[in-house]
Each structure stands twice: as structure tokens, then as C-alpha cells.
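The chain contents come next:
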Amino acid sequence: MLHCSRVSSTGRSRWLCLRLALVATSACSPHVGQPGPEPIRVFAASSLTEGFTALAQAFEAAHPEERVALQFAGSQSLRLQIEQGAPADVFASANEAHVRELVRDGTVVAPVAFATNRLAIVVPADNPAGVKTFDDLASAQRIVVGTEQAPIGAYTRAMLRNAEPRLGASRAAMVKRHIVSEEPNARLVRAKVELGEADAAIVYETDARSAKRARTIDIPDDINVEATYFVGAVAGAERRKGVESWIHFVRSEQGREVLQRHGFRGSE
Amino acid sequence: MSRGFRNAPRWIATALALALVVIVAVPVVALGVASTPADLIAGARDPLFVPALWLSARTTLVSLFIVVVTGTPLAWWIATGPRARTRIVEVFVVMPIVLPPAVLGVALLEAFGRQGLLGPLLEQLGVQIPFTSSAVVIAQVVVSAPFYVESAAIAFRRVDVDLMLVARTLGASASRAFFRVAIPVAATGLLGGAALAYARAIGEFGATLLFAGNLSGVTQTMPLAIYMALESDVRAALALSWVLGAIAIALLFAIRVAPQGLSGRTRARLGGGPLQ
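Residues numbered from 1 in each chain as written. Chains lettered and ligands numbered in written order. Predicted model: local features only at pLDDT ≥ 70, side-chain atom pairs only at ≥ 80, totals over all residues.

Caption draft 1: Broad picture of the overall build of chain A. Along the backbone of chain A there are ten helices and nine strands. Across the 268 residues in chain A, those meeting the buried criterion constitute 49%. (Helix = DSSP H or I, 4+ residues; strand = E, 2+ residues; numbered from the N terminus. Buried ≥ 20, exposed ≤ 12 C-beta atoms within 10 Å, placed from the backbone.)

Written as C-alpha cells, this is what we have:
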């Protein structure tokens, strides 16, 4: 009930309790490090799972007095949770749009870009549809992508639009027809390939790298899109010392190095 | 003084019971009053709404049909068959009642998925289950069948064996005795079980999301559309919730109120009929 008092400016206040109840069930929060006082609560895009877990370990080693609690989900789900007053100190989104919305209603402060990523195709290890290059994508009968609200889904749609001239109208349409499921975050998209149920899935390069029982097919540079990650403090937490130093650490030389080890690229 | 003390446990009990009523009733009431008609109309116009409604209607009718047609003979066998064997079968059939839906979703993938137990066989037959509406139906059948079979078996157990024997001695065949005696006598239990099973099927979420996937018009049933709409247009989630809520109330009516009239009629028919 506490969270229900935090009403967003959209005038949806009467729905809040219902929405919060539904939202609360969709998250899990793995904790990193030793139990200590007041962890820094970081809500991060699902594609940051390994990168931020490693980052949190490095951060706690450098700041023994701090503790980081990570929670991963699709950026759009995290945004919804933060809008409804979920207890977060930091939001790391896989695109700018979801952060911008939170900045507009004053929930997130001063977001900055800290990494970039690109898209790749993953296919099961036994590659049942025989997808060898990007141009074979239409031969995959079961393609899984992200929902339109999930950053991975939005980037995928942009990439497929870029690919239309290359694939030709009929093959581009075939790719769209072969989409059999839309999943709410990049990791769930990838899971359909890891389970062997999908012939191909479009995920981030970093997801493809860390995938189990899957092969990566590169997407040509001229049609690929750049995903930019943003990190910002949740209003009210921005001046907490730990929060400041976490955001600083994410963008530091050491932080960049950790993320690069997990396949992320730098951002200007 | 002593009177007050003696009454204390009763007050505590009342308070506890009232707390439960409040915690159960408030969300239902909140759903009812939370949205304006304009919100609901806007929600119903969302592109997710109609395909989800239509898909849920189709798949639940198919799964209910499958559950009743296969569950009725199974329940009869469980009620009248050799106890040692029926017990084992019954345990398997009711298992999904206690299994978490997410576990069922994984189990269904392990059974019918491409890498699953039956995967190679299905592949040879050219049948694909995950990501199709068939997967939605299978998930619904698995989660809802136990509710029907259990109520039907309980109802069939109450059918008087002598009544069946009399029907047979009067020249009715076994199947005629089943349809003219056992079914009418057990009708209340059968309908109640079917209503419960339908409620469970139309609300199925976890197993469907894992096993069937999520695509509007193919596998995105109303509960999945509610989940997805929360991230796009909350009004669509509300409109779909209203529809599911109304169906739930109708089913509750079918379970609680309708059987009384029905059993009365059945009793009258059997009581005044030639069988006694």
C-alpha cells in the first residue's frame, strides 16, 4: 500500500494498486556480495546480467563498505516498476526511450550513456534450419524476437527495416511471417533458441556470446543497429554516496574494461 | 468481566475472519471500480484485445470439449474400477493441481518440445507443437482436466450401484444405464467440475507463456495479453481483466447456484420415474 501513494502525473492513480500487485510478481532479485547495511539497489536490463554482476563484484572489492543488489528484467518492465514506486536507486536501461520517460516525470535524474551493443542472430547448436549467414534468416521457420516495448524488440524491428532492401520484399515479408513468438526481454528471446524450440532468434551480440548450446550468426554492419545503454539515479537517491560512486564506477576506466570483457562496446 | 474474557476468543476469531474477507474482497471491488467506461472502451480498442479474446474463446472451448469427452469415461473408471489400479492413475491425473504452472510449462516443453521426449516422433510426423494454438490447448487441458476428473469421480462414486443394477435388469444396456442413470444422477458434480475446469483453463498463464510462446492471435490468450498490455496500454489490461472477471462470476454462479435447481429436477425425475 505504501507504494500506492506515489502517484504518477498520468492520472492513473486508481490503477496503481492493481498494477503494482501484478508487477511485483514479475521480478527476482539476486544479491551480490556480503550482507551489509543498505545495499545500492540497481535495476538493470536483462542483457546486462553477466556484465553488471561482474561489475558489482569489482565495485564491492573496491568499496568494501558498499553492497550492490541487482535486479534484472526487460527495461520496459523495470521502468513500469520504478514508475509504481518499486524500491530502486539506479536504473540501467538498454535504450534511451524508457529512461527519457522516467526523466520526464522526474523519477530519474541525469542519465548518461555508458555502453553500446549490437544485434546478432543466434541459432541452436544443431542449426536445424541451416542458417549460415544473415541472408538465410528467412529459411528459419520459427523466429523469436522481443516485444515492441522491450528495447531488444524495438532494435530488432529497426534492424529488419534496414534489412529490407538487402533481403528483398518477399524474403523480408517471409522473415516477418516466420516470427512465432514475441518475448518480454532479450534473455527470454535467447532461451527459446537455447531450448532448441526456435530456429533463430535476434538478440544482442553480448547475449549471443554468452549463450549456451547456440551458435552466433553476424548481422552485416550496414544494417545492424547500435543499442545504447543509459544509467541514471532514481530521484531521491541521486545524492547518496554509494549511488554516486556506483554510477561513476560504471563509467570509469575499470568499469568499461569489465563491460568490454563481456562484449559491450564503449560509448562516446 | 469473566464474560468479556470468555468472549475474547470469539472476537479474535471474528477479526481474523474479517481480515481475510477484506483482503480477498478489496482487489475484486477495486477492479470493479478502478476504471471508467471510457478507459474500458479505449482498452477494448487496443489491437491486443480482440485477437486475445477470440483466441481464448476458441482454445478454451476446444480444451473443455477434450476434457469432458476424455475425462468422463476416465472418472467413471476411477469411481468404479479396481481401487488398487485407479489410485495410481488418479495420482497422475490430479498431479497438475499441486504442480506450479511454471513447472508444468517446463515439463510440457520436455515432453512435446523439439528436444523433448516425444520431439523426434512429432518431428517425423511433421507435427510442431510449441508456438502453435495446439500448445495453448494442451496446456489448458493438462491444467484443467484434474478439476473435472476429480469432481466427476466423486459424483460417480455417489451413484447408487443398485440403481444401475435395476436399470440393467429392466433391460437397459450398460451404456444406456450409464447415460440414463449415472449421468443424470451425477450431473451436478459433472457440471460443477466442468465449470471449475473451464475457469482454470481460461485463466491459464504460466505454462502457456513457457510452452506456447506469445504471439497475438496465435498463442497470446487473454491472461498473456494482460501481462503484455501492462507494458504498453494499461487500459487494454483492465478491459481484458473485466472480461475475465465477468466470466469468473458467471462460472461461480454455474457452480453455486445453478446446481440446486438442476439436482432438484434430477431428483424429481428419478423419484417419480419407473426406476423406483
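Now, onward.
Caption draft 2: Expanded view of the interface of chain B and chain A. On the side of chain A, 21 residues touch chain B, which itself brings 19 residues to the contact. Looking at the side of chain B that touches chain A residue by residue, the class counts come to eleven nonpolar, six polar and two charged. (Contact = placed C-beta atoms within 7 Å. Nonpolar A, V, L, I, M, F, W, Y, C, P; charged D, E, K, R; others polar.)

Caption draft 3: Inspection of the nonpolar core at higher detail. One finds Val 90 and Phe 91 of chain A to be the most contacted residues of the largest nonpolar core, which totals 147 residues. Among the elements that make up this core, the one with the highest residue count is helix α7 (residues 133–157) of chain B (16 residues). Leave out the neighbours within four places in its chain, and Val 90 of chain A touches Ile 40, Val 42, Phe 43, Val 231, Ala 233, Val 234, Val 243, Trp 246 and Ile 247 of chain A. (Core = buried A, V, L, I, M, F, W, Y, C linked by C-beta atoms within 7 Å.)

Caption draft 4: Just helix α4 (residues 83–98) of chain B, in detail. Residue and element names in this part refer to chain B. Compared with an ideal rise of 1.5 Å per residue, which puts 16 residues at 22 Å, α4 spans 22 Å between its outermost C-alpha atoms and is within 8% of the ideal. In α4, a bend of some 30° at Phe 92 exceeds every other bend along the element, and Pro 96, a proline, comes one to four places later. For α4, the complete set of buried residues consists of Glu 90, Val 93 and Pro 96. In this structure, the buried residues of α4 make contact with α3 (49–80), α5 (101–112) and α7. (Expected span 1.5 Å × (residues − 1). Bend = angle between axes of the 7 residues up to and from the residue.)

Caption draft 5: The arrangement of the pairing of strand β6 (residues 179–183) of chain A in detail. Residues and elements named next belong to chain A. Taking burial as the measure, the five residues of β6 include four buried ones, the bulk of the element. For strand β5 (residues 143–146) and β6, the ladder comprises four bridges, and the chain directions are parallel. Residue pairing in the sheet places Ile 143 in a bridge with Ile 179 of β6. (Pairing = 2+ DSSP bridges.)

Caption draft 6: Examining the packing of helix α2 (residues 37–44) of chain B against helix α12 (residues 234–256) of chain B more closely. All names here are of chain B. Two elements in contact, α2 and α12, have axes whose closest approach is 7 Å; the angle formed by their N-to-C orientations is 95°. Here α12 runs roughly perpendicular to α2, going by the angle between their axes. For the pair α2 and α12, contact is made by Asp 39, Leu 40, Ala 42, Gly 43 and Ala 44 and by Arg 235, Ala 236, Leu 238, Ala 239 and Trp 242, respectively. Per-class residue counts for the contact of α2 with α12 are seven nonpolar, one polar and two charged. (Axes fitted to C-alpha atoms, helices over the stretch in contact; angles between N-to-C directions. Parallel < 35°, antiparallel > 145°, perpendicular 65-115°, else oblique.)

Caption draft 7: Region of interest: the packing of α4 of chain B against α7 of chain B. All names here are of chain B. Here α4 crosses α7 at 120°, and the two axes come no closer than 8 Å. On the basis of the axis angle, α4 is oblique to α7. Both α4 and α7 take part in a crossing whose hand is left-handed. Between α4 and α7, the contacting residues are Val 93, Val 94, Pro 96 and Ile 97 on the first element and Val 142, Val 143, Ala 145, Pro 146, Val 149 and Glu 150 on the second. Residue composition of the contact of α4 with α7, grouped by class: nine nonpolar, no polar and one charged. (Left-handed = near helix turned anticlockwise from the far one by under 90°.)

Caption draft 8: Examining the environment of Asn 214 of chain B more closely. Relative to the helices and strands, Asn 214 of chain B resides in the loop between α10 (206–211) and α11 (222–229). Judged by the 23 C-beta atoms lying within 10 Å of it, Asn 214 of chain B is buried. In sequence terms Asn 214 of chain B and Thr 86 of chain B are 128 residues apart; their C-alpha atoms lie 37 Å from each other. Residues within four places of Asn 214 of chain B in sequence aside, it is in contact with Ser 181, Glu 182 and Glu 183 of chain A together with Leu 209, Thr 219, Gln 220, Leu 224 and Met 228 of chain B.

Caption draft 9: Looking closely at helix α5 (residues 151–167) of chain A. Residues and elements named next belong to chain A. Taking 1.5 Å of rise per residue, 17 residues should cover 24 Å, and α5 covers 23 Å from first to last C-alpha, within 8% of that figure. Taken as a whole, α5 carries its principal kink of about 30° at Arg 161; the proline Pro 165 stands between one and four residues after it. The set of residues buried in α5 consists of Pro 151, Ile 152, Gly 153, Ala 154, Tyr 155, Thr 156, Leu 160 and Ala 163. Count one or two residues on from α5 and you reach Gly 168, which has phi positive near 85°.

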